[in-house]
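Remarks on the overall topology
Each chain, letter by letter, is given below.
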Amino acid sequence: MIAIAAVDNNWAIGNEGKLLANIPADMKYFREVTTGNVIVMGRKTLDSFPGGRALPNRVNIVLTRDRSFQRKNVVVAHDFEELDELLAQYDPDRVFCVGGASVYEQLLPKCDKAYITRIDYEYAADAYFPNLDQKPEWVKTEESEEQTYFDICFEFTTYERK
Ligand SMILES: NC(=O)c1ccc[n+]([C@@H]2O[C@H](COP(=O)([O-])OP(=O)(O)OC[C@H]3O[C@@H](n4cnc5c(N)ncnc54)[C@H](OP(=O)(O)O)[C@@H]3O)[C@@H](O)[C@H]2O)c1
């Protein structure tokens, strides 16, 4: 499994149920990397998408403990056992953990790569990705040129499990 996230200088990823920034180039990168593949997310992240709808052209797997939860074009997993059963049919390199904080935290042990967009700013936040720079088992292996969107500077990085 591969994690994909956009983080600020404090590894923050969200505030009050929303993303910290909407950067078109980052949205495009996310779309290109995940389209045609499988995305795994928490129920709150699904709710943060426009209209709470599944993202098109991807298998959307949503973790929720709510046994009555159903949504169009969403495959539901109620725990990690169910998730593992669902994921058994896919190549792990095609499965992307797309958040949010609780799901990144719980699924990071199953990830061996992370595509991290680093945004050079410190936002007010209440949701975080685990700080990979502080984890000795993770190493940054790729870093793009710095890019800008108005006054926001960001870069695309890849981390891999050693
Ligand atoms: N910057 C980024 O790249 C990025 C990416 C994604 C999300 N985000 C942000 O992250 C924030 C949301 O993160 P979050 O931690 O609050 O929510 P979340 O991880 O998206 O969803 C949490 C929900 O997932 C379900 N869940 C979690 N672990 C489970 C398990 N082991 N078994 C079954 N269900 C489980 C539960 O749903 P039920 O309550 O229905 O049981 C739980 O309430 C938002 O601000 C969002 O914008 C940022």
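Our subject is the structure that appears above.
Residues numbered from 1 in each chain as written. Predicted model: local features only at pLDDT ≥ 70, side-chain atom pairs only at ≥ 80, totals over all residues.

**Quick look at the sheet that holds strand S2 (residues 12-15)**
Just so we agree on the cut-off: The rule for pairing is simple: two strands pair if DSSP sees at least two bridges between them. Numbering goes from the N terminus for both helices and strands, where a helix is a DSSP run of H or I of at least four residues and a strand is a run of E of at least two.
If you walk across this open sheet you meet the 3 strands as S3-S2-S9, and the pairing is antiparallel. Each edge of the open sheet is held by one strand with a lone partner, namely strand S3 (18-19) and strand S9 (127-128). As paired elements, S2 and S9 share 2 bridges and run antiparallel to each other. Bridged to Gly 14 within S9 is Ala 127.

**Things to note about the site of the ligand**
Operational definition: For each residue, a C-beta atom is placed from the backbone, and the residue is labelled near a molecule or strand when this atom is within 6 Å of it. Here the term charged refers only to Asp, Glu, Lys and Arg, the term nonpolar to Ala, Val, Leu, Ile, Met, Phe, Trp, Tyr, Cys and Pro, and the term polar to all other amino acids, Gly among them.
The environment of the ligand is formed by 28 residues, the closest being Gly 14, Gly 42, Thr 45, Gly 99 and Gly 100. Those elements giving two or more residues to the shell around the ligand turn out to be strand S1 (2-7), S2, S3, strand S4 (38-42), helix H2 (43-48) and helix H4 (101-107). Of the residues assigned to the shell around the ligand, the class counts are 11 nonpolar, 11 polar and 6 charged.

**Structural notes on the nonpolar core**
To be explicit about the condition: Joining buried Ala, Val, Leu, Ile, Met, Phe, Trp, Tyr and Cys residues through C-beta atoms within 7 Å gives a set, and that set is a nonpolar core. Here a residue counts as buried when 20 or more other C-beta atoms fall within 10 Å of its C-beta, as exposed when 12 or fewer do, and as partly exposed in between; the C-beta atoms come from the backbone.
Ala 5, Ile 13, Val 40, Phe 96 and Cys 97 are the most contacted members of the largest nonpolar core, which totals 40 residues. Considering every element that reaches this core, the biggest residue donor is S1, with 6 residues.

**Re the environment of Ile 119**
Position of Ile 119 among the secondary structure elements: in strand S8 (residues 113-119). With 22 C-beta atoms counted inside 10 Å, the residue Ile 119 sits in the buried group. Considering only alpha carbons, one finds Ile 119 and Phe 69, 50 residues apart in sequence, at a separation of 34 Å.

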